[in-house]
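Summary of structural features
Each chain is listed here by its residues.
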Amino acid sequence: MELLPADRASQLAAQFGLKPDEFERALAILGRQPTLTELGIFSVMWSEHCSYKSSRVWLKQLPTKAPWVIQGPGENAGVIDIGEGLAAVFKMESHNHPSFIEPYSGAATGVGGILRDVFTMGARPVANLNALRFGDPKLPRTRRILDGVVRGIGGYGNCVGVPTVGGEVNFHPAYNGNPLVNAMTVGIAPADRIFTAAASGVGNPVVYVGSKTGRDGIHGATMSSAEFDKDSEEKRPTVQIGDPFAEKLLIEACLELMATDAIVAIQDMGAAGLTSSGVEMAGKGGMGVELVLDDVPQREEGMSAYEMMLSESQERMLLILKPGREAVAEAIFHKWELDFAVIGHLTDTGRIVIRHKGQIEADILLAPLESEAPLYHRPTEETPKQPPLPPVADPVGIIPALKTLVASPDLCSRRWIWDQYDAQVGGQTSKRPGQADAAVVRVEGKRRALAMTTDCTPRYVVADPEAGGAQAVAEAWRNITATGALPLAITDNMNFGNPEKPRIMGQFAAAVRGMAAACTALDFPVVSGNVSLYNETEGQPILPTPAIGGVGVIEDLANAVGLSMPAKAELVLIGATAGHLGQSIWLRDIAGQEAGPPPPVDLAAERRNGDFVRAQILAGKVLACHDLSDGGLLVALAEMAMASGIGAVISASGDHGFWFGEDQARYILAVPDAAALLAEAQAAGVPAQKLGVSGGESLELDRIGSISVAELTDAHESALPKLMEGI
Amino acid sequence: MKAAIIVFPGTNRERDMAIALERVTGRKPAMLWHRDTALPQGLDLVVLPGGFSYGDYLRCGAMAAQSPLMAEVKAFAARGGHVLGVCNGFQMLCEAGLLPGALLKNASLRFLAMDCTMRVERADTVYTRGYQQGQEFKATMAHGDGNYFCDAETLARLEGERLVSLRYSGANRNGSINAIAGILSPNLRVMGMMPHPENCVDPLVGGEDGLPMFQGLAESFLTAA
């Protein structure tokens, strides 16, 4: 073995992001100086990205169990029972740092990575979603990043043939130097054929499949665990390049192999590549593993062991096969024109041993690599409560405010984005973006369908992390409910700043508290997730953004509803309206203030109102349903009208707080008979009031004024294209 | 109807097409791998489905047009067989020389994924007999290279011989010459089209505007079934 001299080792350790005490701990585990490869392995395995060393103590608070949960956090993705012997497999993951450095490739490989997490478990991916956050839309750089990210998501998802069916986009200057790209994949698998990463069987072959290994992405996980500075764009070589064509072949080949009984365990090579997949598979199974890197398919000549172990080349998987099944597997991968190589075997030593060119390049005991991994109880500082918002006068009037809001960056139509994403491939997409509060995708060959959404309101989270965390979960639950589906579970993508700052760690801890309360109250457990910290550039943190990806099931797709205003219906508002303007879009974009507490989240009311709405939808009594969120009641009415081109005559009235307040737990229902609904709501203890009736070509507000749906639509649809052209 | 769908590395709408065909015939079409060397006997229809064959890394459809089974498809077409190419399949038909012209990058240089409406320019083919002449119908489009182009002479021939089967009737978003969405071979047995009728065969998923195309095909080959 070629050990590093002590001074060189400590110098490199610092360069690789290992803190001095972490390096000492690594030396203690080894009992000697490390090789270069070993130092690389320790640094990526103990990076924030791979080890969750700052977040684990808090994440434990999240509820992860329910009778329908098959696999909670800890595997490649979460798994829930969706009935008829099928399971939904899903996860959301960030690719924030790479997407800032290289938007197209960063976003594309984000999609590729999350797809692999899902089909690794035996699921055919059926839907992609995303949650995107960008800086000030007036900055040319924001437009360049947005354009690249959208092209990257589309370029990858469209090619692999997985429909991109939903997502959300926010703009805020806090993301100027640090956009967020969170990608979610949902797949469907037979519930009794879920594949996991835990290796077993001494002597079983360790098999490498997929694309060849190159020098791209070396130390990507380390890069993703550090703040950005002015020179971050120089880190471009740490960003991987995606090949969606190879991914498509890999999906088909893996699913074909999974239909046989050849696989013992399978894991994709994501962050930290061969290192993390090798370490995790052997570690989870309590095994040892010996790898011979000479046998790794290589794209470039002369790669060292260090480079191969740390490469984050995309579209690669590691398999443990049953003995004697190599030929079956090899034939499948060769059919799909992918590399297949036996690169090692499992041992009973509990060690990972890496051989290359006749030398031992690494020899590490696995158990302490995990058990001795750093775990930080970092100091936290509570975010002070916002003082109550004093009364705010309406500076422009209701109708002018509406017209401004529907064209504002956060509320304008996202059509420019969706129109670049293939939402239909697969032939099962029933509700696309803009048609319902959640995307609805039928389970092929069944009546049942999945409803999926991504949600977070970062301006609420920064103002009150606990309420904001609860609100993000509640909104995901509400969006699924508004289609008629039963929300079942979430994946979370925790995007925060530098955890070494007590204020940031305090945001994290409080957001988790809020999320945990909402998950518990709404029976909506967390089954998978991802943490992205150090989202700061030159010391400026992003808004805390715990993005929630929710999944629900509706047993009969025919019962699902969308949000389009029907031609002839009565409109009823469900839920209590206090006119809460604190942290609302109206307050920010019309009154020019980001102030006050966010709307309170009453989880009991959420549950009661939502269960009532869902029951009404499933009873066939609802023509359309839309939840109230950003922009409040009037924006929601306008969105319904713009979706169908049909207006409404509204007799309910109130001040700007009534029209634009963002009180939670509310829905608009379009029904044939409002009186009947109001009676049922009263019996159920659910606040409800009649708003008016649908029809006509304008949104008419009694004693306030009216605006044509066409004028609203024009403002709504033209806003993002104009922004992107820099107009 | 006995139909076969050819699957290339990177094809991704073969399942959608199989669902649409099964919906009207009640039987699953044969799924053939591009490395196969023969078509099954007694085929009524070969479908080249949508996707990104070979990643579209060369010109779209160019690599697929050279694959082993495409030689058999060309021979099948030469014998008077029916071949439908949708999206990437249309691109392959052009690259293979079974249809004239080429599909260029969309005029906007962006991938376009949305519904479009087409007008049926002739309803006397196996592909379009489920519609009325002049009928408009909706389908999904999803492509980066759907901008049909051919030289003036070819265009004059296509139009003069009424070989344009489908034309965009709403917006011509990809910039196709004469708003062409689909064209036919002179014997009317090979058709290429960019939009996806196979994604519009179900009232709960995308609507049923594409269903008449498949029903027309099923009726055409009823006796052969």
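In case you missed it, the structure is sitting above this.
Report on the accompanying structure.

Cut-off values and rules
Residues numbered from 1 in each chain as written. Chains lettered and ligands numbered in written order. Predicted model: local features only at pLDDT ≥ 70, side-chain atom pairs only at ≥ 80, totals over all residues. Heavy atoms only, no water. Helix = DSSP H or I, 4+ residues; strand = E, 2+ residues; numbered from the N terminus. Rg over C-alpha atoms; globule rule 2.2 N^0.38 Å. Areas by Shrake-Rupley, 256 points an atom, 1.4 Å probe, with all protein chains shown as cover. Lys, Arg positive; Asp, Glu negative; His and termini not counted. Charge placed at Lys NZ, Arg CZ, Asp CG, Glu CD. Salt bridge = Lys/Arg side-chain N within 4 Å of Asp/Glu carboxyl O. Buried < 20%, exposed > 50% of the residue type's maximum accessible area, 1.4 Å probe, protein only. Pairing = 2+ DSSP bridges. Axes fitted to C-alpha atoms, helices over the stretch in contact; angles between N-to-C directions. Contact = heavy atoms within 4.5 Å. Buried area = accessible area lost by both parts, 1.4 Å probe. Polar contact = N/O pair within 3.5 Å; in protein donor to acceptor, adjacent residues only side chain to side chain. Left-handed = near helix turned anticlockwise from the far one by under 90°. Nonpolar A, V, L, I, M, F, W, Y, C, P; charged D, E, K, R; others polar. Parallel < 35°, antiparallel > 145°, perpendicular 65-115°, else oblique. Arc of directions from axis to C-beta. Phe/Tyr/Trp six-rings, centres within 6.5 Å; stacked < 30°, edge-to-face > 60°. Lys NZ or Arg CZ within 6 Å of the ring centre and 35° of its normal.

Secondary structure assignment for chain B yields five helices and eleven strands. The globule rule puts the C-alpha radius of gyration for 225 residues at 17 Å, and the 16 Å found for chain B is close to it. On the principal axes, the C-alpha backbone points of chain B span a range of 40 × 35 × 35 Å. Only carbon and sulfur atoms are counted for the fraction: they give 51% of the accessible area of chain B, which is about 8,100 Å².

Tallying secondary structure elements over chain A gives 25 helices and 28 strands in all. Its C-alpha atoms give chain A a radius of gyration of 26 Å, within 12% of the compact-globule value 27 Å for 727 residues. A total of about 23,100 Å² of accessible surface is found on chain A, and carbon and sulfur atoms cover 52% of it. Distance between charge centroids for chain A: 2 Å, based on 59 positive and 87 negative side chains.

Let us look at the pattern of salt bridges. Residue and element names in this part refer to chain A. Applying the stated criterion across every chain, the model contains 58 salt bridges over all chains. Arg-459 is the salt-bridge partner of Glu-662, the closest N and O atoms lying 2.7 Å from each other. With Glu-662 in the loop between helix H23 (656–660) and strand E25 (667–671) and Arg-459 in helix H17 (residues 458–463), this pair connects stretches of sequence that are 203 residues apart. For Arg-459, a relative accessible area of 6% corresponds to the buried category. With a shortest N-O distance of 3.3 Å, Arg-478 and Asp-627 are connected by a salt bridge. You can see Arg-478 sitting in helix H18 (residues 465–481) and its partner Asp-627 sitting in strand E23 (residues 624–627), a full 149 residues away along the chain. Each of the two residues, Arg-478 as well as Asp-627, counts as buried. Within this structure, Asp-523, Arg-607, Asp-611 and Arg-614 form a network of salt bridges that share partners.

Here we come to the sheet that holds strand E1 (residues 69–71) of chain A. Sheet strands associate in pairs through backbone hydrogen bonding, adopting either a parallel or an antiparallel arrangement. Residues and elements named next belong to chain A. Across the sheet, six strands lie side by side as E1-E2-E3-E6-E4-E5; this open sheet has mixed pairing. Of all the strands in the sheet, just E1 and strand E5 (164–171) have a single pairing partner and so form its edges. Across the sheet, the axes of successive neighbouring strands diverge by a mean angle of 25 degrees, strand direction being ignored. Of the pairings in the sheet, the one linking strand E3 (residues 86–94) to strand E6 (residues 180–190) comprises nine bridges and is antiparallel in character. Looking at the pairing, Ser-94 lines up with Asn-182 of E6.

Next up on the list: the interface of chain A and chain B. Many analyses report the size of an interface as the accessible area lost when the parts associate. Taken together, the contact between chain A and chain B spans 34 residues of the former and 29 residues of the latter. Ranking the residues of chain A by area buried against chain B places Phe-245, Glu-337 and Asp-419 of chain A at the top, with a combined share of 20%. On the surface where chain A and chain B come into contact, there are six salt bridges. Put simply, Arg-442 of chain A and Asp-202 of chain B hold a salt bridge, and the shortest N to O gap is 2.7 Å. Remark: the boundary between chain A and chain B carries 15 residue pairs in polar contact (both at pLDDT 80 or more). The greatest single-element share of the side of chain A that touches chain B, amounting to five residues, is contributed by helix H8 (residues 140–160) of chain A.

Right, let's get into the packing of helix H7 (residues 103–119) of chain A against H8 of chain A. Residue and element names in this part refer to chain A. At a minimum axis distance of 7 Å, the contact between H7 and H8 shows a crossing angle of 40 degrees. Crossing geometry of H7 relative to H8 is assigned as right-handed. When H7 is examined against H8, the residues Pro-103, Tyr-104, Ala-107, Ala-108, Val-111, Gly-112, Leu-115 and Arg-116 are found in contact with a partner set consisting of Arg-144, Ile-145, Gly-148, Val-149, Arg-151, Gly-152, Ile-153, Gly-155, Tyr-156, Gly-157 and Val-160. Tallied by class, residues from the contact of H7 with H8 come to eleven nonpolar, five polar and three charged.

Residues and elements named next belong to chain A. As a packed pair, helix H3 (residues 36–45) and helix H11 (residues 273–285) sit with axes 10 Å apart at the nearest point and diverge in direction by 80 degrees. Regarding the angle of H3 to H11, the classification is roughly perpendicular. From H3, Ile-41, Val-44 and Met-45 reach across to H11, where they touch Thr-275, Ser-276, Val-279 and Glu-280. Split by residue class, the contact of H3 with H11 holds four nonpolar, two polar and one charged.

In this structure, Glu-337 of chain A takes a positive phi of about 60 degrees despite not being glycine. Note that Glu-337 of chain A resides in the loop between helix H13 (326–335) and strand E11 (339–347). For Leu-188 of chain B, which is not glycine, the phi torsion reads 65 degrees and is therefore positive. Inspection of the secondary structure assignment puts Leu-188 of chain B in the loop between strand E10 (180–184) and strand E11 (190–193).

Turning our eyes to something else, we now look at helix H2 (residues 68–78) of chain B. Residues and elements named next belong to chain B. Among the residues of H2, Leu-69, Met-70, Val-73, Phe-76 and Ala-77 are the ones counted as buried. Along H2, the residues classed as buried sweep out an arc of 110 degrees about the axis, all on the same side. Where H2 is buried, its residues touch strand E1 (3–7), strand E2 (30–33), strand E3 (45–48), strand E4 (82–86), helix H3 (88–95) and E11. A positive backbone phi angle near 95 degrees is found at Gly-80, which sits one or two residues after H2.

To continue, consider the sheet that holds E4 of chain B. Residues and elements named next belong to chain B. Read across the sheet, nine strands follow the order E2-E1-E3-E4-E11-E10-E9-E6-E7 without closing on themselves; strand pairing throughout is mixed. Single-partner strands in this sheet number two, and they are E2 and strand E7 (136–143). Ignoring which end each strand starts from, the neighbouring axes of this sheet average 25 degrees apart. Examined bridge by bridge, E10 and E11 share three bridges and lie antiparallel to one another. Each bridged residue has a counterpart across the sheet, and for Leu-184 the counterpart in E11 is Met-191. Along the sheet, H3 contacts E3, E4, E10 and E11; its crossing angle with E4, the most-contacted strand, is approximately 120 degrees.

Attention now moves to the packing of aromatic side chains. Aromatic rings in a pair are described by how distant their centres are and how their planes are angled relative to each other. Summed over the entire model, instances satisfying the criterion amount to 13 aromatic pairs over all chains. Summarising the aromatic geometry, the rings of Phe-90 of chain B and Tyr-148 of chain B are spaced 5.9 Å apart at their centres and angled 10 degrees between planes, so their arrangement reads as stacked. Of this pair, Phe-90 of chain B sits in helix H3 while Tyr-148 of chain B sits in strand E8 (residues 147–149), placing them 58 residues apart in sequence. With respect to burial, Phe-90 of chain B and Tyr-148 of chain B carry one shared label: buried. Each residue in the set Phe-245 of chain A together with Tyr-54 and Tyr-57 of chain B is aromatic and connected to the rest through ring pairs, giving one cluster. Over the ring of Trp-33 of chain B we find Lys-335 of chain A; its NZ or CZ atom is 5.1 Å from the centre of that ring.

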